[in-house]
Amino acid sequence: MKELRKFVLVGAPASGKGTQGRFLSETFQLQTLSTGALLRKEIELDTELGRRARNYMEQACLVPDEVVNGIVEHWLSQTSNVSWILDGYPRTVAQAENLDHFLQEKGQGIDVVVWMDVSRELIEHRILERRECSQCNYIIQDSSKTVCPVCGGAMIARKDDNINAFAKRWKDFETMTLPVARYYEERGLVVKISVSHEREVSEVSRELMAKLEAYAASHEI
Ligand code: AMP
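Think of each chain on its own: its residues are numbered from 1, step by step along the sequence as written. pLDDT decides what is reported in this predicted model: residues at 70 or higher carry local features, side-chain atom pairs at 80 or more are listed and counted, and totals for whole chains, interfaces and linings draw on all residues regardless. Values shown for side chains rest on all heavy atoms present in the structure; no hydrogens or waters enter the calculation.

S.K.: Summarise the overall build of the protein chain; cite the residues concerned and give the values.
M.R.: Helix and strand definitions follow DSSP, with helices as H or I runs of at least four residues and strands as E runs of at least two, each counted in order from the N terminus. From N to C terminus, the protein chain includes 8 helices and 8 strands. The atom set for the radius of gyration is the C-alpha atoms, and the globule formula is 2.2 Å times the number of residues raised to the power 0.38. Taken over C-alpha atoms, the radius of gyration comes to 17 Å for the protein chain, in line with the 17 Å a tight globule of 221 residues would show. Seen through its C-alpha atoms, the protein chain measures out along the principal axes to roughly 50 × 40 × 35 Å. Counting the 221 residues in the protein chain, one finds 46% classified as buried. Expressed as a percentage of contacts within the protein chain between residues at least 6 apart in sequence, the contacts between residues at least 24 apart total 69%. If you sum the accessible surface of the protein chain, you get close to 11200 Å²; carbon and sulfur atoms cover 50% of it. Relative accessibility thresholds used throughout: buried, under 20% of the residue-type maximum; exposed, over 50%; partly exposed, between the two (1.4 Å probe, protein chains only). Contacts are residue-level and defined by heavy atoms, with any inter-residue pair within 4.5 Å sufficient. All accessible areas in this document rest on Shrake-Rupley with a 1.4 Å probe, and a residue is counted as covered only by the protein chains that are shown.

Right, dumping it as structure tokens:
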């Protein structure tokens, strides 16, 4: 039975990566790095990194590989011996190759890649309804809510959650990130969850756990 300690989450924006990532992190006691959340925080704090990333993010473009690779390597260097999950990285094959090299040099590797495979129609609907808390980053799928149910902060639409930005982000996802899922699939590392209509989060989590258990059982250490 393979022990699952190092996870990668791949999926389009609003595919439920963040939600299932939190579930996995609680279940497997993982530390989480969400590159998107980290970059948004850096922009808010107006750091040098934030200033480098801002234009790309506001135009719904991917931040250059070398910037994101640097962030992830720095984070992994500080968390090398713990169990972790990467949410939103790698998003290009070049990033995936970089991650492989980085981990290989430390004698490590990814244990499993969770691929949230969600239909375009569903993602588009979710993105237009999505609101994120400006204080605690809690996310809900209801554009009528203006106050965060967790901390009372203001619920706002992310700048990149609009119809034009969505079309661009979906295209980038198809051309750049889907090949990442296939890259890992060729290496036999993928557990795939397909969602074509809205389902209960807990139901998706149950399916994910069952598939992870089957995956772990069929892979030797
Ligand atoms: P997310 O919250 O994961 O949807 O990320 C929001 C934005 O952050 C993306 O649209 C990109 O501009 C940027 N970003 C996050 N992760 C990456 C990555 N691995 N590579 C390049 N850009 C990224």
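Having seen the model, we can carry on.
S.K.: Describe the sheet that holds strand E7 (residues 155–156), with residues and values.
M.R.: For two strands to pair, DSSP has to find at least two bridges joining them. With antiparallel pairing, the 3 strands of this open sheet are ordered in space as E6-E5-E7. The open sheet has two free edges, formed respectively by strand E6 (139–141) and E7, since each of these has just one partner strand.

S.K.: Describe the sheet that holds strand E4 (residues 112–118), naming the residues involved and giving the relevant values.
M.R.: With parallel pairing, 5 strands are arranged side by side in an open sheet as E2-E3-E1-E4-E8. Two strands lie at the open edges of the sheet, namely strand E2 (31–34) and strand E8 (190–195), each paired on one side alone. For this sheet the average axis-to-axis angle between neighbouring strands, irrespective of direction, equals 15°. Where strand E1 (residues 6–11) lies against E4, 5 bridges are found, and the strand directions are parallel. Looking at E4, one finds that glycine 11 is bridged to methionine 116. Contacting E1, E2, strand E3 (84–87) and E4, helix H1 (residues 17–28) runs over the sheet at an angle of about 165° to E1. Contacting E2 and E3, helix H2 (residues 35–44) crosses the sheet at an angle of about 65° to E2. In this analysis an axis means a line fitted to C-alpha atoms, helices contributing only their contacting stretch, and an angle means the value between N-to-C directions, from 0 to 180 degrees.

S.K.: Kindly report on the packing of helix H6 (residues 120–129) against helix H7 (residues 163–186), identifying the contributing residues and their values.
M.R.: For the pair H6 and H7, interaxial distance at closest approach is 10 Å and the crossing angle is 140°. Between H6 and H7, the interaxial angle falls into the category oblique. Between H6 and H7 lies a crossing whose hand is right-handed. Here Arg120, Ile123, Glu124, Ile127 and Leu128 of H6 lie close against H7, whose contacting residues are Ile163, Phe166, Ala167, Arg169 and Trp170. In the scheme used here, Gly and all other residues not listed as nonpolar or charged are polar, with Ala, Val, Leu, Ile, Met, Phe, Trp, Tyr, Cys and Pro taken as nonpolar and Asp, Glu, Lys and Arg as charged. Its residues assigned to classes, the contact of H6 with H7 comprises 7 nonpolar, no polar and 3 charged. Throughout this description, any angle smaller than 35 degrees is read as roughly parallel, any larger than 145 degrees as roughly antiparallel, any in the 65 to 115 degree range as roughly perpendicular, and the remainder as oblique. Throughout, a crossing is termed right-handed when the near helix is turned clockwise from the far one, and left-handed when it is turned anticlockwise from it by less than a right angle.

S.K.: Explain the site of the ligand to me, and be specific about the residues and the numbers.
M.R.: Here a residue is near a molecule or strand as soon as one of its heavy atoms is found within 4 Å of it. Near the ligand there are 16 residues, and of these Thr35, Arg40, Cys61, Gly88 and Gln95 occur at the shortest range. Two N or O atoms form a polar contact when they lie within 3.5 Å of each other; inside protein one atom must be a possible hydrogen donor and the other a possible acceptor, and for residues adjacent in sequence the pair counts only when both atoms belong to side chains. Contact between the ligand and arginine 91: a nitrogen atom at 3.0 Å from a side-chain N or O atom of the residue. Glutamine 95 places a side-chain nitrogen or oxygen 2.9 Å from a nitrogen atom of the ligand. Look at the ligand: alone it shows 480 Å² of surface, and the protein chains cover 96% of it. With 4 residues, H2 is the single largest residue contributor to the shell around the ligand. Of the residues that constitute the shell around the ligand, the class distribution is 7 nonpolar, 4 polar and 5 charged.

S.K.: Please give an account of unusual backbone geometry that cites residues and values.
M.R.: Omega for the peptide link from tyrosine 89 to proline 90 comes to 0°, which places this bond in the cis form. Not every positive phi belongs to a glycine, and glutamine 29 is a case in point at roughly 55°. With phi around 55°, aspartate 46 is a residue other than glycine that occupies positive phi space. Mapped onto the elements, aspartate 46 comes out in the loop between H2 and helix H3 (48–58).

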